[in-house]
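# Observations on chain architecture
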Protein chains: 2
Amino acid sequence: MILTVTLNTALDITYRTAALTPHATNRVAEVTERPGGKGINVARVLAALGHESVVTGFVGGRTGDALRELLAAEGPGARAAHAAVSDAPATDAPVTDALVPIAGTTRRTIAVVDETTGDTTQLNEPGPTVTPAEWAAFLTSYEELAARADAVALCGSLPPGIHVGAYAELVRLARAAGRPVLLDTSGEPLSRGIAARPDLVKPNADELAQLTGSREPLRATRDARRRGGRSVVASLGAAGLLAATPDGSWLAAPPMAVRGNPTGAGDSAVAGLLSGLVERLPWPERLARAVALSAATVLAPAAGEFDREAYANLLPRVAVTEQSSQPEQESHAPRQHR
Amino acid sequence: MILTVTLNTALDITYRTAALTPHATNRVAEVTERPGGKGINVARVLAALGHESVVTGFVGGRTGDALRELLAAEGPGARAAHAAVSDAPATDAPVTDALVPIAGTTRRTIAVVDETTGDTTQLNEPGPTVTPAEWAAFLTSYEELAARADAVALCGSLPPGIHVGAYAELVRLARAAGRPVLLDTSGEPLSRGIAARPDLVKPNADELAQLTGSREPLRATRDARRRGGRSVVASLGAAGLLAATPDGSWLAAPPMAVRGNPTGAGDSAVAGLLSGLVERLPWPERLARAVALSAATVLAPAAGEFDREAYANLLPRVAVTEQSSQPEQESHAPRQHR
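Residues numbered from 1 in each chain as written. Chains lettered and ligands numbered in written order. Predicted model: local features only at pLDDT ≥ 70, side-chain atom pairs only at ≥ 80, totals over all residues.

### Some points on the overall build of chain A
Helix and strand counts for chain A stand at 11 helices and 16 strands. Taking 2.2 N^0.38 as the reference for a compact globule, 338 residues should give roughly 20 Å; the C-alpha atoms of chain A span a radius of gyration of 20 Å, in line with that estimate. Seen along its three principal axes, the alpha-carbon backbone of chain A occupies a region of about 65 × 50 × 45 Å. Counting every position in chain A, which comprises 338 residues, the buried fraction comes to 51%. Once local pairs closer than 6 in sequence are excluded, the contacts in chain A between residues at least 24 apart make up 71%. (Helix = DSSP H or I, 4+ residues; strand = E, 2+ residues; numbered from the N terminus. Rg over C-alpha atoms; globule rule 2.2 N^0.38 Å. Buried ≥ 20, exposed ≤ 12 C-beta atoms within 10 Å, placed from the backbone. Contact = placed C-beta atoms within 7 Å.)

### With respect to helix α5 (residues 187-195) of chain B
All names here are of chain B. Here α5 has its buried residues at Pro189, Leu190, Gly193 and Ile194. Down the axis of α5, the buried side of the element spans an arc of 120°, and every buried residue falls inside it. Those residues of α5 that are buried lie in contact with α4 (166-176), β11 (181-184), β12 (200-201), α6 (205-212) and α7 (217-226). The first or second residue beyond α5 is Arg197, which carries a positive phi of 65°. (Arc of directions from axis to C-beta.)

### Some points on the relation of the copies chain B and chain A
The two copies are related by a screw motion: chain B maps onto chain A through a turn of 180° and a shift of 0.0 Å along the axis, at an RMSD of 0.0 Å. As the rotation angle and translation indicate, the two copies are arranged about a two-fold axis. Looking at the rotation axis and the C-alpha trace of chain B, the residue lying nearest is B:Arg62, at 3.3 Å. In this assembly the copies share their binding face: 100% of the residues contributing to the interface of chain B also contribute to that of chain A. (Least-squares fit on C-alpha atoms with pLDDT ≥ 70 in both.)

### What to know about the environment of A:Ser214
Counting through the fold element by element, A:Ser214 comes out in the loop between α6 (205-212) and α7 (217-226). The residues touching A:Ser214, leaving out its near neighbours within four places in the chain, are A:Ala209, A:Arg219, A:Ala220 and A:Asp223.

### Regarding the environment of B:Arg286
Within the secondary structure, B:Arg286 sits in helix α9 (residues 283-299). Put simply, B:Arg286 and B:Gly104 are 182 residues apart on the chain and 38 Å apart in space, counted from C-alpha to C-alpha.

### Regarding the interface of chain B and chain A
Where interface size is quoted, it is often the accessible area lost as the parts come together. Chain B puts 23 residues into the contact, and the matching count from chain A is 23 residues. Every element with two or more residues in the side of chain B that touches chain A is listed here: β3 (25-27), α2 (61-73), β8 (107-114) and β9 (120-124) of chain B. In terms of residue count, β9(B) provides more of the side of chain B that touches chain A than any other element does, five residues in total. Looking at side-chain class alone, the side of chain B that touches chain A contains 11 nonpolar, seven polar and five charged residues. Pairing between strand β3 (residues 25-27) of chain A and β9(B): three bridges, direction parallel. Opposite A:Arg27, over in β9(B), you have B:Asn124 as the bridge partner. (Nonpolar A, V, L, I, M, F, W, Y, C, P; charged D, E, K, R; others polar. Pairing = 2+ DSSP bridges.)

### Brief notes about the nonpolar core
Judged by nonpolar contacts, the single largest core of 196 residues is most densely connected at A:Ala153, A:Leu154, B:Ala153 and B:Leu154. Each residue touching B:Leu154, except ones within four places of it in the same chain, is listed here: B:Val5, B:Tyr167, B:Leu170, B:Val171, B:Val181, B:Leu182, B:Leu183 and B:Thr185. (Core = buried A, V, L, I, M, F, W, Y, C linked by C-beta atoms within 7 Å.)

### Brief notes about the environment of A:Val28
Position of A:Val28 among the secondary structure elements: in the loop between β3 and β4 (30-36). Assessed through the 23 C-beta atoms surrounding it within 10 Å, A:Val28 is described here as buried. For the pair A:Val28 and A:Val59, spaced 31 residues apart in sequence, the C-alpha separation works out to 27 Å. Excluding residues within four positions of it along the chain, A:Val28 makes contact with A:Tyr15, A:Thr17, B:Leu123, B:Asn124, B:Glu125 and B:Pro126.

### Describing α2(B)
End to end, α2(B) covers 19 Å across 13 residues, agreeing with the expected 18 Å (1.5 Å per residue, within 8%). Buried within α2(B) we find B:Thr63, B:Gly64, B:Ala66, B:Leu67 and B:Leu71. Viewed along the axis of α2(B), the buried residues span an arc of 160°, placing them on a single side of the element. Away from the buried face of α2(B) by more than 90 degrees, exposed residues B:Glu69 and B:Ala72 are located. Check the buried side of α2(B) and you find it contacts α2 (61-72) of chain A together with β2 (10-17), β4 (30-36), β5 (53-59), β6 (95-97) and β8 of chain B. (Expected span 1.5 Å × (residues − 1).)

### What about the sheet that holds strand β9 (residues 120-124) of chain A?
In spatial order, the strands read β4(A)-β2(A)-β8(A)-β9(A)-β3(B); together these five strands make up an open sheet with mixed pairing. Either end of the sheet is taken by a strand with one partner, and the two such strands are β4 of chain A together with β3 of chain B. Going across the sheet, the axis of each strand differs from the next one's by a mean of 20°, ignoring polarity. As judged from the eight bridges shared by strand β2 (residues 10-17) of chain A and strand β8 (residues 107-114) of chain A, these two strands associate in the parallel manner. Note that in β8(A) the partner of A:Ala10 across the bridge is A:Arg107. Strands in contact with α2(A) are β2, β4 and β8 of chain A; relative to β4(A), the strand with the most contacts, it is inclined by about 85°. (Axes fitted to C-alpha atoms, helices over the stretch in contact; angles between N-to-C directions.)

### Describing the sheet that holds β2(B)
Pairing in this open sheet of five strands is mixed, and the strands run β3(A)-β9(B)-β8(B)-β2(B)-β4(B) from one edge to the other. Here the strands that pair on one side only, and so sit at the sheet edges, are β3 of chain A together with β4 of chain B. Strand-to-strand twist in this sheet, taken as the mean axis angle between neighbours without regard to direction, amounts to 20°. Across the face of the sheet, α2(B) comes into contact with β2, β4 and β8 of chain B while running at roughly 85° to β4(B).

### Comments concerning the packing of α6(A) against α7(A)
Residues and elements named next belong to chain A. Closest axis-to-axis distance for the α6/α7 pair is 10 Å, and the angle between their directions is 60°. Here α6 is positioned oblique relative to α7, judged by the angle of their axes. Considering only the axes of α6 and α7, their crossing is left-handed. Taken together, the residues of α7 that come into contact with α6 (itself represented by Ala205, Leu208, Ala209, Leu211 and Thr212) are Pro217, Ala220, Thr221, Asp223 and Ala224. Among the residues making up the contact of α6 with α7, the classes are represented as seven nonpolar, two polar and one charged. (Parallel < 35°, antiparallel > 145°, perpendicular 65-115°, else oblique. Left-handed = near helix turned anticlockwise from the far one by under 90°.)

### Examining the pairing of strand β14 (residues 241-245) of chain A
All names here are of chain A. Burial analysis of β14 places five of its five residues in the buried class, which makes it a mostly covered element. Burial along β14 is two-sided: Leu241, Ala243 and Thr245 facing one way and Leu242 and Ala244 facing the other are all buried. Bridge count for strand β13 (residues 231-235) against β14 is four bridges, and the pairing is antiparallel. Residue pairing for β14: Val232 is matched across the bridge by Ala244. From the end of β13 to the start of β14, which pair antiparallel, there are five residues, and Gly237 there has a positive phi angle of about 60°. Of the pairings in the sheet, the one linking β14 to strand β15 (residues 248-253) comprises five bridges and is antiparallel in character. Paired with Ala244 across the two strands is Ser249, which belongs to β15.

### Some words on the packing of helix α3 (residues 132-148) of chain A against helix α4 (residues 166-176) of chain A
All names here are of chain A. At their nearest, the axes of α3 and α4 sit 9 Å apart, and the two run at 40° to each other. One way to sum up the angle between α3 and α4 is to call them oblique. Between α3 and α4 the crossing geometry is right-handed. Residue-level contacts link Tyr142, Glu143 and Ala146 of α3 to Leu170, Leu173 and Ala174 of α4. Classifying every residue of the contact of α3 with α4 by side-chain character gives five nonpolar, no polar and one charged.

Next comes the structure, spelled out in structure tokens:
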């Protein structure tokens, strides 16, 4: 079982409009809702890959009730209705809801898709404030769940009320339980969290630059390792994934530039990395899977889904190239000499 | 008791943002929710004027539950929290919820207020589809409520599934029960509804032009009377209200142009007209009240509320002038001679 943590879950609402006109009244043609937040998206992709997962984090209010109801409806039996066009046999594993109830109300996010331009305008509500008692209840549940997990993923932003070192605390608890832990967040929660030595961090180019001060990806990923990440996999958009690990560095690139909706591509990459970790795949295979999943997510018509057929076609064609060999010791040497 | 009908109720959500940037991710700073739909807004103002009201229409799903909960929380005891700044004694009367449950989900409307420009971008979900059985259940309840009402107001758009002659049917039922009935809608439901001879219609300038084909207000209001409206009160924005009635025609104008949020100004005017009808005020007094309430709504900081102090100040200063005397018979004469 893989445990994914989404402290700031959301009810993701998509509005389709003929065209979004600011400062006017716009009729919404179609409304869709689904459970959202990065860890929940990761769990959905893990399920499609046949990996059982448990989602935790906070949930509350009517929007929280709607989220849980929709999550339950996404189970293996209900999957067919959501699957991208494919005749591939269903391999879905269960996603178990272990969300912790809170007094506050789960936030909504609204994606307004302009059908004329294809562009999306996103409106994100602030999350509910989490009380110290609710955080304590979460920690108790988290420790119990992490102890049973093959891997733990900590995903997304922190809601109001949660201390900025929260991810550092969750990394330490997972490590104390001897469980591999992945961190996918940004800003100060990432800076603090990486110092607690997670097994894997997956920043995008902006998050990596904010963390390290460098926009040179190879230098920045190696710097992020020195800050505490055992392995660092940076997502570089169309260029693919750049990994710096104890076993070496690789660049994994998709066979072609793909056009579509990038929403959820990063979460699919996380699911690819986590599944590869649990299956003990060598790094090049993990990276190829993550890149193919990510590109197949961009290509899928629905945001956050991935196109299974595209995934199967892309997987053998991802180019993984080892980067200039720089053994662990050498890369650390300059710092030790300062 | 005054009965207000809102077939297409809504959960009105307001998002405040520093600035709305299309095709980008926008953080919402503040979220507020309230029960919405024209008839519900009218009832809220009637309550503030001391008139007991009953709201009916359709409600369903989680958004419908939220609407009912918020409506219950708006009762006389809870009013203080919502009142605009004023030391005026509370005169609130109860608003009773007689909404009819449906299987569909009540729509949301989202008003995104850009705090930099003060402009509002409105996103309106389509309403739920109402089934024939639900419409039949509504009619049974409506007949019973209308029979006990001092006046009936039919307000706003029709949700999917409701036949375009629905308001005509509701007008006829109210008239059969001997109850005065006001109609405030637009397009085909207005054309059909006015032919059923409501006591009062309150179109705005656009709705009136669409109904009659004329943009000349005095001519258009009189034309609307010939189409079946016993009295017609047209809202002309900053110019005030133009009334054509069996007792004469009047223009009621606010003492100055007011700047602010016009949301709900038309609903406040309807509440002024309804309360004046039930109190049997002469037309000039009804119109003065409706104009003062409407202007005080534009001036209030919260959309759809009215500023009680501004209302008290404006009321004696509304200028009501009788329009060129044209007795009923003469105005109809040209048509009879054709």
